Amino acid sequence: MNMYIVWAAAIIIFGILEGITVQLVSIWFVAGAVAALISVPLGAPQWLQFVLFFAVSLIVLAIVRPIIKKRLTPKQEKTNADRCIGKDAIVIEEINNILPTGQVKADGKVWTARSSDNSIIPKDTIVSVEKIDGVKLIVSAKA
């Protein structure tokens, strides 16, 4: 069998498949098939052509995929609320989950707040923001 035709067909088939999917599924195999095609006029035996095909495909996959994935993955910007999580805040109105009252100042803004353990947290206490529930910060007193 003429290996020129096999590798040229592989390049075309994998190239068309990549064009149809647009998901970086088979571009690695195009590179492997090109390497195998180049090895044919150099006199490489068939087994070596297949080894080159798979080796180059895996190497290109290992090197290029993380780079492409990093560039195609959108960066997620933290919202104002997300920036508060894990930060300290100061209680400006006593936090009492039963009444329900409580406000804290975090990240330069005033937020409604609730205690994570249902304890009463007095005014001017430094608290740590644990999470956000709706528009309320869930906080705990710092030890």
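Residues numbered from 1 in each chain as written. Predicted model: local features only at pLDDT ≥ 70, side-chain atom pairs only at ≥ 80, totals over all residues. Heavy atoms only, no water.

(A) Expanded view of a nonpolar patch on the surface. On the surface, a cluster of nonpolar side chains totalling about 340 Å² of accessible area is made up of Ile59, Ile63, Val64 and Ile67. Mapped onto the elements of the fold, Ile59 is located in helix H3 (residues 46–72). (Patch = residues over 30% accessible without salt bridge, like charges linked within 9 Å, V, L, I, M, F, W, Y side chains within 5 Å. Areas by Shrake-Rupley, 256 points an atom, 1.4 Å probe, with all protein chains shown as cover. Salt bridge = Lys/Arg side-chain N within 4 Å of Asp/Glu carboxyl O. Helix = DSSP H or I, 4+ residues; strand = E, 2+ residues; numbered from the N terminus.)

(B) Structural view of the packing of helix H2 (residues 27–39) against H3. Axis separation between H2 and H3 bottoms out at 7 Å; the angle between their running directions is 145 degrees. Considering how the two elements wind past one another, H2 and H3 form a crossing that is right-handed. Counted together, Trp28, Phe29, Ala31, Gly32, Ala33, Ala35, Ala36 and Ser39 of H2 and Gln49, Leu52, Phe53, Val56, Ser57, Val60, Leu61, Val64 and Arg65 of H3 form the full contact between these two elements. For the contact of H2 with H3, a count of residues per class yields 12 nonpolar, 4 polar and 1 charged. (Axes fitted to C-alpha atoms, helices over the stretch in contact; angles between N-to-C directions. Left-handed = near helix turned anticlockwise from the far one by under 90°. Contact = heavy atoms within 4.5 Å. Nonpolar A, V, L, I, M, F, W, Y, C, P; charged D, E, K, R; others polar.)

(C) Broad picture of the pattern of salt bridges. Scanning the entire structure with this criterion turns up 2 salt bridges. Its salt-bridge partner being Lys142, residue Asp88 comes within 3.0 Å of it at the nearest N-O pair. Of this pair, Asp88 sits in strand E1 (residues 88–96) while Lys142 is found in the segment after strand E5 (136–141), placing the two residues 54 residues apart along the sequence. Residue Lys142 is classed as partly exposed on the basis of its relative accessible area of 43%. Close ionic contact of Asp107 with Lys109 constitutes a salt bridge, the shortest N to O distance being 3.7 Å. (Buried < 20%, exposed > 50% of the residue type's maximum accessible area, 1.4 Å probe, protein only.)

(D) Seen up close, the sheet that holds E1. As summarised here, the arrangement of the 5 strands in space is E1-E2-E3-E5-E4, forming a closed barrel in which the pairing is mixed. Here the strands of the sheet are splayed against their neighbours by 50 degrees on average, with no regard to which way each runs. (Pairing = 2+ DSSP bridges.)

(E) Summary view of the nonpolar core. Ranked by internal contacts, the top residues of the largest apolar core, which has 13 residues, are Ile95, Val104, Val127, Leu137 and Val139. Sort the elements by how many residues they give to this core and E1 lands first, with 3 residues. In contact with Ile95, other than residues within four places in its own chain, are Thr101, Gly102, Gln103, Val104, Ala113, Arg114, Ser115, Ser119, Ile120, Ile121 and Val139. Counting residues in hydrophobic clusters, the runner-up holds 7 residues, among them Met3, Ala33, Ala36 and Val40. (Core = buried A, V, L, I, M, F, W, Y, C linked by side-chain atoms within 4.5 Å.)

(F) Examining unusual backbone geometry more closely. Not every positive phi belongs to a glycine, and Asp107 is a case in point at roughly 55 degrees. Here Asp107 falls in the partly exposed class, since its relative accessible area comes to 43%.

(G) Fine view of the packing of aromatic side chains. Applying the stated rule across the entire model yields 6 aromatic pairs. Consider the rings of Trp7 and Phe53, whose centres lie 5.3 Å apart with planes at 35 degrees: the pair is tilted. In this pair, Trp7 sits in helix H1 (residues 3–21) while Phe53 sits in helix H3, placing the two residues 46 residues apart along the sequence. Exposure remark for Trp7: the relative accessible area of 3% places this residue in the buried category. Residue class for Phe53 comes out buried when judged on its relative accessible area of 8%. On the numbers, 5.1 Å between centres and 35 degrees between planes, the contact of Phe14 with Phe29 is tilted. In this pair, Phe14 is assigned in helix H1 and Phe29 in helix H2, connecting sequence segments 15 residues apart. (Phe/Tyr/Trp six-rings, centres within 6.5 Å; stacked < 30°, edge-to-face > 60°.)

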